[in-house]
Amino acid sequence: MKLSKGQANLVLLATAILWGFSYPIVKMATNAQLPAGLINALRGLIFAGLAYLFFHRAINKMNKLDLRIGLTAGIINFIAYQIQTVGLKYTTPANNAFLTAIYVALVPFIAWALSKRKPPAKSYPAIGLCILGMMFLTNVFGNGFQLHLGDLLTTISAFFFALGIVYFSYTATSANPWIIAFMLGVCQGVGGLVWSLLFEHQTYAAINWPAAIGPVITLGVLASFGAQTMQIVGQRFTAPTPAGLILMTESLFGSLFSVLLGFEPLTAHLLIGGALIILALLVMQLRFKKRPA
């Protein structure tokens, strides 16, 4: 499979839309008293199971290089999600969303450090617009920003999200994408299960399984198997900086789906933030030519 850069970016946009749709679905799962680690475990195991069902021929041919790359990608992915989830317990949702989104600013510098290729100049205004858009989207101006323990954890998770995006764009292209997808699911499922058994087992009695099972299956099928497999494929054919900008729109789509499903009202700061993020994406897609002297 080979995609043009434009097609790859559309695949990543579809990924961001599915991740955005997952925001209210996660809310439904947590409302059913399902703890975060168990959510990650179940969606990861569903992810791994579906990946093996559809891609078992490639997975059965896994070699040591595939295993090493897939395991590394899976561990980076799990650490990012788990630290972000723990951080949310100790900070506000707005701070969590805003600080997670700073991975868009970290991606070009991590890519620069690993590949020695300087990002294009248009990356910097695009990143600035994205961060400003996130400040409006999460209403940091209205709610204020106070530092909590969770803010430090969320910032650390943003680094791992950025590292994962760069890893998918460069090193992970050496391995079969279907094997990487399978390993992401395995690491998320096993890691989440271990975390949950260690720290969340006392909350299991309160889980409303009839209300939780639908959201968890949706997360496993769409947000994990569907979206993350598309992310792996899309990032093989585009650069990490535009990939990070596109994937960051998950927060925008998350807000839009929350409005459509009645979880929050449509507000001016949501519209302004969304417009700034869309403008940032347009800046990245435009080609600027120098005028002849």
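This section reports on the structure supplied with the text. This structure is a prediction, so every number in the text was calculated from the model and none was measured.

Rules and cut-offs
Residues numbered from 1 in each chain as written. Predicted model: local features only at pLDDT ≥ 70, side-chain atom pairs only at ≥ 80, totals over all residues. Heavy atoms only, no water. 1 Å grid on protein atoms, 1.4 Å probe; cavity = no way out; pocket = protein on both sides within 12 Å on 5 of 7 lines; lining within 4 Å. Points joined across faces, edges and corners; volume = space filled by probe spheres on them. Helix = DSSP H or I, 4+ residues; strand = E, 2+ residues; numbered from the N terminus. Nonpolar A, V, L, I, M, F, W, Y, C, P; charged D, E, K, R; others polar. Buried < 20%, exposed > 50% of the residue type's maximum accessible area, 1.4 Å probe, protein only. Contact = heavy atoms within 4.5 Å. Axes fitted to C-alpha atoms, helices over the stretch in contact; angles between N-to-C directions. Parallel < 35°, antiparallel > 145°, perpendicular 65-115°, else oblique. Left-handed = near helix turned anticlockwise from the far one by under 90°.

On to the layout of surface pockets, then. Counted as a void, the second largest pocket has a volume near 420 Å³. Around the second largest pocket sit 22 residues that line it, and Lys5, Pro120, Thr238, Ala239 and Pro242 are the ones nearest its centre. Contributions of two or more residues to the lining of the second largest pocket are made by helix H1 (5-31), helix H5 (103-115), helix H11 (240-247) and helix H13 (268-285). In terms of residues, the lining of the second largest pocket owes the most to one element, H5, which gives four residues. Here the lining of the second largest pocket is composed, by residue class, of 10 nonpolar, seven polar and five charged.

Moving on, we get to unusual backbone geometry. In this structure, Gln33 is a non-glycine residue whose phi angle is positive, near 65°. With respect to the helices and strands, Gln33 occurs in the loop between H1 and helix H2 (36-59).

So, on to the side chain of Gln188. Along the chain, Gln188 falls in helix H9 (residues 177-199). The class for Gln188 is buried, based on a relative accessible area of 1%. When near neighbours in sequence (up to four residues on either side) are disregarded, Gln188 contacts Asn40, Ala41, Arg43, Gly44, Phe47, Asn77, Phe78, Ser224 and Gln228.

Following the sequence through the fold, Arg57 ends up in helix H2. In sequence terms Arg57 and Trp178 are 121 residues apart; their C-alpha atoms lie 9.6 Å from each other.

A separate point is helix H12 (residues 250-260). Considered for burial, the residues of H12 that qualify are Glu250, Ser251, Leu252, Phe253, Gly254, Ser255 and Ser258. Just downstream of H12, Gly262 is the residue with a positive phi angle, here 85°.

Attention now moves to the packing of H1 against H12. Close contact between H1 and H12 brings their axes to 7 Å; oriented N to C, the two are set at 45°. Classified by the angle their axes make, H1 and H12 are oblique. With respect to the hand of their crossing, H1 and H12 are arranged in right-handed fashion. For the pair H1 and H12, the contacting residues are Leu13, Ala16, Ile17, Trp19, Gly20, Phe21, Tyr23 and Pro24 in the first and Glu250, Ser251, Phe253, Gly254, Phe257 and Ser258 in the second. Per-class residue counts for the contact of H1 with H12 are nine nonpolar, four polar and one charged.

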